[in-house]
Number of protein chains: 2
Amino acid sequence: MSMGNMYSSKLLDDAVGQFAKLPGIGRKTALRLVLHLLREDKEEVDLFTEAIRAVRNDIRYCRICHNLSDTDTCEICSNPQRNHRLICVVETVRDVMALEATRQYGGVYHVLGGVISPMDGIGPDDLNIDQLEARVAAKEADEVILALSATMEGDTTNYYIYKRIAPYGVKTTTIARGVAVGDELEYADEVTLGRAMANRVPFEQTI
Amino acid sequence: MSMGNMYSSKLLDDAVGQFAKLPGIGRKTALRLVLHLLREDKEEVDLFTEAIRAVRNDIRYCRICHNLSDTDTCEICSNPQRNHRLICVVETVRDVMALEATRQYGGVYHVLGGVISPMDGIGPDDLNIDQLEARVAAKEADEVILALSATMEGDTTNYYIYKRIAPYGVKTTTIARGVAVGDELEYADEVTLGRAMANRVPFEQTI
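> Got a minute to help me understand the overall build of chain A in this structure?
Across its full length, chain A holds seven helices and six strands. In sequence order, chain A lays out its α and β elements as α-α-α-β-β-β-α-β-α-β-α-β-α. Rg of the C-alpha trace for chain A: 23 Å, well past the compact-globule value of 17 Å for 207 residues, more than 25% over. Across its three principal directions, the C-alpha atoms of chain A cover 65 × 45 × 40 Å. Put simply, chain A has 207 residues, and 41% of those count as buried. By sequence separation, contacts in chain A at least 24 residues apart represent 45% of the contacts at least 6 residues apart. Total accessible area on chain A stands at roughly 11600 Å², and carbon and sulfur atoms take up 53% of it. Positive and negative side-chain charges of chain A, numbering 23 and 31 respectively, have mean locations separated by a distance of 2 Å.

> What should I look at first to understand the relation of the copies chain B and chain A in this one?
Note: a rotation about an axis with an accompanying shift along it relates these two copies of the chain. With an axial shift of 0.0 Å and an RMSD of 0.2 Å, the rotation relating chain B to chain A amounts to 179 degrees. Look at the turn and shift together and you get a two-fold axis relating the two. When C-alpha positions in chain B are compared against the rotation axis, the closest is assigned to T49(B), at 2.6 Å. Take the interface residues of chain B: 100% of them recur as interface residues in chain A, which is what a same-surface contact looks like.

> Looking at this structure, how should I read the state of the cysteines?
By definition, a disulfide links two cysteine residues through a covalent bond between their sulfur atoms. One pass over the full model with this rule turns up zero disulfides over all chains. Summary of cysteine pairing: C74(A) is not part of a disulfide, and the nearest cysteine sulfur, belonging to C65(A), is at 3.7 Å. Here C62(B) stays unpaired: no disulfide links it, and the sulfur of C65(B), its closest cysteine neighbor, is 3.8 Å away.

> Would you mind going over the interface of chain B and chain A with me for this structure?
Many analyses report the size of an interface as the accessible area lost when the parts associate. At the junction of the two partners, chain B supplies 53 residues and chain A supplies 54 residues. The contact between chain B and chain A buries some 5200 Å² in all, and 68% of this surface belongs to carbon and sulfur atoms. Summed over the three residues of chain B that lose the most area to chain A, namely S8(B), L11(B) and R56(B), the buried surface amounts to 13% of that side. Put simply, chain B and chain A have two salt bridges between them. Across the pair E44(A) and K21(B) runs a salt bridge whose closest N-O atoms are separated by 3.1 Å. Seen at the junction of chain B and chain A, the total is 12 residue pairs in polar contact (both at pLDDT 80 or more). Mapped onto the side of chain B that touches chain A, the elements with two or more residues apiece are helix 1 (10–20), helix 2 (27–39), helix 3 (42–58), strand 2 (68–69) and helix 4 (93–102) of chain B. No other element matches the 14 residues that helix 3 of chain B contributes to the side of chain B that touches chain A.

> Looking at this model, I keep getting lost on the packing of aromatic side chains. Mind explaining?
Aromatic ring pairs: the centre-centre distance and the angle between the two ring planes describe each pair. A complete count under the given rule lists six aromatic pairs over all chains for this structure. Geometrically, the ring pair formed by F19(A) and F48(B) is edge-to-face, given 5.1 Å between the ring centres and 70 degrees between the ring planes. Here F19(A), found in helix 1 (residues 10–20), pairs with F48(B), found in helix 3, and the two come from separate chains. Among the residues examined, F19(A) registers a relative accessible area of 0% and is labelled buried. On the basis of relative accessibility, which here comes to 2%, the residue F48(B) falls in the buried class. Through a chain of ring-to-ring contacts, the aromatic side chains of F19(A), F48(A), F19(B) and F48(B) assemble into a single cluster.

> Looking at this model, I keep getting lost on the sheet that holds strand 5 (residues 143–146) of chain B. Mind explaining?
Residues and elements named next belong to chain B. Ordered by their spatial adjacency, four strands build an open sheet running 4-3-5-6, and the pairing between neighbours is parallel. The open sheet terminates on both sides in strands that have one partner only, identified here as strand 4 (107–111) and strand 6 (171–174). Neighbour to neighbour, the strand axes of the sheet diverge by 25 degrees on average, direction disregarded. Relative to strand 5, strand 3 (residues 83–90) is paired through four bridges, and the arrangement is parallel. Pairing of V89 across the sheet is with L146, part of strand 5. Where helix 5 (residues 129–137) meets the sheet, its contacts fall on strand 3, strand 4 and strand 5, and the angle it forms with strand 4 comes to roughly 145 degrees.

> In this structure, what is going on with the packing of helix 5 of chain B against helix 6 (residues 152–165) of chain B? I would like to understand it.
For any two helices packed against each other, one specifies the crossing angle of their axes together with the interaxial distance. Residue and element names in this part refer to chain B. The geometry of helix 5 relative to helix 6 is characterised by a closest axis approach of 10 Å and an angle of 40 degrees between their N-to-C directions. Judged by the inter-axis angle, helix 5 sits oblique to helix 6. Considering only the axes of helix 5 and helix 6, their crossing is right-handed. Each of I129, D130, L132, E133 and V136 in helix 5 lies in contact with helix 6, whose residues at this interface are Y160, I161, R164 and I165. Among the residues making up the contact of helix 5 with helix 6, the classes are represented as six nonpolar, no polar and three charged.

Rules of the game
- Residues numbered from 1 in each chain as written.
- Chains lettered and ligands numbered in written order.
- Predicted model: local features only at pLDDT ≥ 70, side-chain atom pairs only at ≥ 80, totals over all residues.
- Heavy atoms only, no water.
- Helix = DSSP H or I, 4+ residues; strand = E, 2+ residues; numbered from the N terminus.
- Rg over C-alpha atoms; globule rule 2.2 N^0.38 Å.
- Buried < 20%, exposed > 50% of the residue type's maximum accessible area, 1.4 Å probe, protein only.
- Contact = heavy atoms within 4.5 Å.
- Areas by Shrake-Rupley, 256 points an atom, 1.4 Å probe, with all protein chains shown as cover.
- Lys, Arg positive; Asp, Glu negative; His and termini not counted.
- Charge placed at Lys NZ, Arg CZ, Asp CG, Glu CD.
- Least-squares fit on C-alpha atoms with pLDDT ≥ 70 in both.
- Disulfide = S-S within 2.5 Å.
- Buried area = accessible area lost by both parts, 1.4 Å probe.
- Salt bridge = Lys/Arg side-chain N within 4 Å of Asp/Glu carboxyl O.
- Polar contact = N/O pair within 3.5 Å; in protein donor to acceptor, adjacent residues only side chain to side chain.
- Phe/Tyr/Trp six-rings, centres within 6.5 Å; stacked < 30°, edge-to-face > 60°.
- Pairing = 2+ DSSP bridges.
- Axes fitted to C-alpha atoms, helices over the stretch in contact; angles between N-to-C directions.
- Parallel < 35°, antiparallel > 145°, perpendicular 65-115°, else oblique.
- Left-handed = near helix turned anticlockwise from the far one by under 90°.
- Nonpolar A, V, L, I, M, F, W, Y, C, P; charged D, E, K, R; others polar.

Printed below as a string of structure tokens:
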């Protein structure tokens, strides 16, 4: 007897199986979610499935920055209040969301779609690096901020991008590495601590 | 700026909002699930939404036991291998699944749809108790096993059902209360321990 046959309904089994394919959702959670939907109004469940269908079929990537967008150009790239001469390079759309959540950044973005990772078979041509170079070549930016992961792959990608855009003479910066806010010094790893020390800033800047 | 506006896409925001309505799914998890679906093939996502639509629109309750079913009579009630003269009364379809998972029970079920709970405004008429009485009155069962929660509401409902079906002279039992398998005695609460002591069974039965 398979797990599926424990449910007296194939419809139930199918729906649970589909939910259980989602990352981090086991069969128990999947069952709980399906039983929840069974108690909901049909109209509510239609809204749920329609929202998923719509996001999958109709969402696209911004022509300029490759962020997720409902239109040809995303809300950030089409916002005249943003500084379009400041481009922050990130790996994924999740990073855009994380930076937007800080409310500290008023420039625009460029989403690479990942980092260079020979181990995973991801080379520069698999990322939106040509498109970044084109933006820089078109003199769109005064400054390119590299905001990739603090990993070996991130550092490799930073260096590769730097080499590609340096000929255009654009100012290139990377976000600071250091001890995370709220972390105790003694628990920071030595590389982070070393970077934090090397990149120390005048105290007056921090107050 | 609302959380929703952090996403540069209303389609994304809608889908995340719909997932976040599910119990136990916060906005962060919802976002992770939607971004996962965006990476999936369209056909996979169609299977997902179609399975949900189908289970919500086409599933029904078994005419006899009120368990979830794809057909008029559920697989358990239409299985000639089961003992149809042994009816186990449970609160929900989840309880049917839990008991089926033990593979210890060969009878059939009766799903009440909850327990009597004046605090929640649930009275006997909100549950499938008339239908249970009808099954007993029709002499369908030799024994009715009450398998409700070991709570005040469960005990109240047990007693109410007992009063309703006792006139028909059917044998009525309840599942054993006791120390959970794997639990240490000292951590069992006193009521459970008291019931376990009162309902002790000959050791030979347990080996």
